[in-house]
Amino acid sequence: MTSHSSFQLYPAIDVRGGRVVRLAQGDYDRETTYGDDPLAAARGYADQGARWLHLVDLDAARAGGYTLAPLLRALRQTTGLQVQTGGGVRGRSDVLALLEAGATRVVIGSLAVRAPLEVLSWLAEFGTERITVALDARQDAAGVWQLPIHGWTEGSGVALDELAVRYADAGLQQLLCTDIARDGMLSGPNFALYRHLVALLPGVQVQASGGVHAVGDVREAKLAGCGGIVLGRALLEGRFTLEQAFAEAASC
């Protein structure tokens, strides 16, 4: 395992119908396809020095029932990548199945908002290093970061700060946070949000996600105190390479 304090790059592969895709702002009707071989894409990242992969099952995120266990096993057997993965985690059996298939960490999103007591129990049972809580946030008119659910279509009544602190108090190590307005839009990450979370949650590794558009965003995320950054569309579209991202991270 890499050290807890080191800054990590998480190249991301979102899979739908067996293909590598990206959605704009989570909209299934705004999908771009980048290839039909997720394993080959992951191998490419491993060849460029990646140690981690962020893998999302978009079919399961919509319908439940994680479908990428065979891919997960193949990744672990053939690439040596540590995999952080989620999509459609609805209960304890899903967490168990992903860990048994080879996930290093299981990403839990909407359930972490809807059923925090359940997710807190998994932190205790499986270990705080095996769960990544993913909170997708949208700023309301009063400037408060809220956590919409059901594909970001309805409010949960839960505020980001309040829930994040609750998980941090339970020992959460990895928090992935996405500014919904920037996801898949190549408009630059919301570093003000990440600086806020880093200050609010000492001891938690905050993963920046959404909006990455230039290699300098990697440096900015590290300088903001983030524990890592998820690199999706920008890598897939060749805006910079993973080697360039590693060099940027090493430069500060």
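Residues numbered from 1 in each chain as written. Predicted model: local features only at pLDDT ≥ 70, side-chain atom pairs only at ≥ 80, totals over all residues. Heavy atoms only, no water.

## Digging into helix α8 (residues 191–200)
Logical step 1: Taken as a whole, α8 has its buried residues at F191, L193, Y194 and L197. Along the axis of α8, the buried positions cluster into a sector of 150°, meaning they face one direction only.
Logical step 2: Residues of α8 that are buried in the fold lie against β8 (145–146), α7 (160–169), β9 (174–179), β10 (205–209) and α9 (216–223). (Buried < 20%, exposed > 50% of the residue type's maximum accessible area, 1.4 Å probe, protein only. Helix = DSSP H or I, 4+ residues; strand = E, 2+ residues; numbered from the N terminus. Arc of directions from axis to C-beta. Contact = heavy atoms within 4.5 Å.)

## As for the UniProt feature "active site" (unreviewed entry) in the chain
Logical step 1: Taken from the UniProt record, the annotation "active site" (unreviewed entry) applies to D14 and D136.
Logical step 2: Note that D14 resides in strand β1 (residues 8–16).
Logical step 3: Once you skip the residues sitting within four places of it in the chain, D14 turns out to touch R19, V20, V21, R22, V56 and L58.
Logical step 4: Assignment of secondary structure puts D136 in strand β7 (residues 131–139).
Logical step 5: With relative accessibility at 25%, the residue D136 sits in the partly exposed group. (UniProt positions renumbered as here; feature names shortened; annotations may be inferred.)

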